[in-house]
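Structure assessment
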Amino acid sequence: MQLKFYHQPVLTTEVVRVLRPEQGRLIVDGTLGGSGHTGLLLASGAMVVGVDRDADALSYAREELRAAGERFTPVQGDFRDLPRLLAELEITRVDGILLDLGVSSHQLDTAQRGFSFQQDGPLDMRMDCGSGAPASDLVNTASREELERIFREYGEEPRARSIVHRLVTDRDKTPFTTTGQLAEAVERAAPRTGPRHPATRVFQALRIAVNDELGALKAVLEAAPALLNPGGRIAVITFHSLEDRIVKHFFKDTCAATLDRPEWPMPRPNPRHFFISVPGTPVAPGPEECAVNPRARSARLRGAERRSS
Ligand SMILES: C[S@@+](CC[C@H](N)C(=O)[O-])C[C@H]1O[C@@H](n2cnc3c(N)ncnc32)[C@H](O)[C@@H]1O
């Protein structure tokens, strides 16, 4: 498969600065996507294990990165399973971990994948089409309470109740099977009030729920300290406040040398003091990058370095 455009990577200079790829270093890119970041890490001489849930991303990367030879190892899987995926390659520790969260432009732009309300397609939204249930199952079978929780928690959708009422009424007559059908029902329940399509938050929420994106993020962060060599670094690029909050709190908890509580006479050492913060992070794209790549506007890169003990 050869495509002209798959995905424009964000914050490329910053990723290279934080991960310090060089000959002899092994980095795992947990979100291979269009292989833009991995290509840069390989170009700096590092070896890369590239993981993605999406078989399509893997076959694109195999073609694109053919010249890297044995320095690049593609693996299909969920980054929540990194310890197992690396153990299967007989790797116990790495020098860097990159996570560039969310979906690629290619996934969004492929109507068949069902991520976008801008083109009609099957209501699917799975990153790995070979496992789990499509979004249509969730929309057609989840209880009112569950759908409302998903739209509020993952989409921060203030009109969740009216939208769910509309969806539940409609699905009893005709089950939802397409993105167009869902976008149209949401727009009827919550008419447009600004430039954003009213279905934006609902689609984000369903995508997060279908792929358990926040669960996967929490699991990989917990696994990271044991996977990184001392001095190894983790870089995480987030695109919305829900995932950014998780990364921010995780780094805050694991970069603190001591813990303190009002009832303690003095601060105590933090048993989870795994990391030190990386200077110059968090960092967001500058105006030049946002001008050429509007998707970069909401990106934020956080980094942390594994302590030696
Ligand atoms: C924003 S794109 C990454 C783009 C990539 N950095 C590049 O330079 O082209 C996110 C990719 O991560 C994958 N992904 C998201 N969550 C994942 C997970 N839990 N495990 C593995 N891959 C995941 C998606 O399938 C998608 O291909």
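Residues numbered from 1 in each chain as written. Predicted model: local features only at pLDDT ≥ 70, side-chain atom pairs only at ≥ 80, totals over all residues. Heavy atoms only, no water.

1. Notes on the nonpolar core
The nonpolar side chains of a soluble globular protein tend to be buried with one another. Of all hydrophobic cores here, the largest spans 63 residues; its most connected members are Leu 82, Ile 97, Phe 151, Leu 167, Leu 182, Ile 234 and Val 236. Looking at which element gives the most residues to this core, the answer is helix 11 (residues 213-227), with eight residues. There are two domains that each give this core at least three residues, and those are domain 1 (12-106 + 213-306) and domain 2 (130-210). Not counting the four nearest positions on each side in its chain, Leu 167 is found in contact with Val 139, Phe 151, Phe 176, Leu 182, Ala 185 and Val 186. Among the nonpolar cores identified, the runner-up in size contains 25 residues, and Ala 68, Ala 235, Val 283 and Ala 299 belong to it. (Core = buried A, V, L, I, M, F, W, Y, C linked by side-chain atoms within 4.5 Å. Buried < 20%, exposed > 50% of the residue type's maximum accessible area, 1.4 Å probe, protein only. Helix = DSSP H or I, 4+ residues; strand = E, 2+ residues; numbered from the N terminus. Domains from an automatic or database assignment. Contact = heavy atoms within 4.5 Å.)

2. Observations concerning the pattern of salt bridges
Taken as a whole, this structure holds 24 salt bridges when the rule is applied. Salt-bridge contacts for Glu 146 lead to Arg 149; the nearest nitrogen and oxygen are separated by 3.2 Å. Residue Glu 146 and its partner Arg 149 are both found in helix 7 (residues 144-155); the two are separated by three residues, about one turn of the helix. Of the residues examined, Arg 149 reaches a relative accessible area of 30% and is grouped as partly exposed. Ionic pairing is found between Glu 305 and Arg 233, a salt bridge with its closest N-O pair at 2.9 Å. With Glu 305 in strand 9 (residues 300-306) and Arg 233 in strand 5 (residues 228-238), the pair connects residues that are 72 residues apart, well separated along the chain. Salt bridges here are not isolated pairs; linked through shared partners, they connect Arg 53, Asp 78, Arg 80 and Asp 212. (Salt bridge = Lys/Arg side-chain N within 4 Å of Asp/Glu carboxyl O.)

3. Side note on the domain arrangement of the chain
Interfaces are frequently sized by the accessible area removed from exposure as the parts join. As assigned here, the chain comprises domain 1 (12-106 + 213-306) and domain 2 (130-210). Measuring from the centre of the C-alpha atoms in domain 1 to the corresponding centre in domain 2 gives 30 Å. Summed over both sides, the interface between domain 1 and domain 2 buries roughly 620 Å², with carbon and sulfur atoms accounting for 50% of that surface. Of all residues in domain 1, Glu 213, His 240 and Leu 242 bury the most surface against domain 2, accounting for 63% of the area lost on that side. Counting every contact that joins domain 1 to domain 2 gives two salt bridges. (Buried area = accessible area lost by both parts, 1.4 Å probe.)

4. Thoughts on the pairing of strand 4 (residues 94-100)
The two faces of the sheet receive side chains in turn, since in a regular strand these alternate between them. Most of strand 4 is tucked away: seven of the seven residues are buried. Across three bridges, strand 1 (residues 26-29) lies against strand 4 in parallel orientation. In the sheet register, Asp 29 faces strand 4, and the bridge partner there is Leu 98. With six bridges joining them, strand 4 and strand 5 adopt parallel strand pairing. Bridge assignment links Leu 98 to a residue of strand 5, and that residue is Ala 235. (Pairing = 2+ DSSP bridges.)

5. Let's talk about the packing of helix 7 against helix 8 (residues 160-173)
A pair of packed helices can be characterised by two numbers: the angle between their axes and the separation between those axes. Packing of helix 7 against helix 8 leaves a shortest axis separation of 9 Å and a crossing angle of 135°. The orientation of helix 7 relative to helix 8 falls into the category oblique. In terms of crossing hand, the pair formed by helix 7 and helix 8 is right-handed. Contact with helix 7, carried on its side by Arg 144, Leu 147, Glu 148, Phe 151 and Arg 152, involves Ala 160, Arg 161, Ile 163, Val 164, His 165, Leu 167, Val 168 and Arg 171 of helix 8 and no other residues of that element. Grouping the amino acids of the contact of helix 7 with helix 8 by side-chain chemistry returns seven nonpolar, one polar and five charged. (Axes fitted to C-alpha atoms, helices over the stretch in contact; angles between N-to-C directions. Parallel < 35°, antiparallel > 145°, perpendicular 65-115°, else oblique. Left-handed = near helix turned anticlockwise from the far one by under 90°. Nonpolar A, V, L, I, M, F, W, Y, C, P; charged D, E, K, R; others polar.)

6. Remarks on the site of the ligand
With respect to spatial proximity, 25 residues lie near the ligand, and among them His 37, Asp 52, Phe 79, Asp 100 and Gln 107 are the closest. At 2.8 Å, a side-chain N or O of His 37 approaches a nitrogen atom of the ligand. Separating a nitrogen atom of the ligand from a side-chain N or O atom of Asp 78 is a distance of 2.9 Å. Contact with the protein chains hides 99% of the accessible area of the ligand, taken as 600 Å² for the molecule alone. A majority-of-atoms criterion places the ligand in the largest cavity. Residues of the shell around the ligand, tallied by class, amount to seven nonpolar, twelve polar and six charged. (Near = heavy atom within 4 Å. Polar contact = N/O pair within 3.5 Å; in protein donor to acceptor, adjacent residues only side chain to side chain. Areas by Shrake-Rupley, 256 points an atom, 1.4 Å probe, with all protein chains shown as cover. 1 Å grid on protein atoms, 1.4 Å probe; cavity = no way out; pocket = protein on both sides within 12 Å on 5 of 7 lines; lining within 4 Å. Sits in = over half its atoms within 2 Å of the grid points.)

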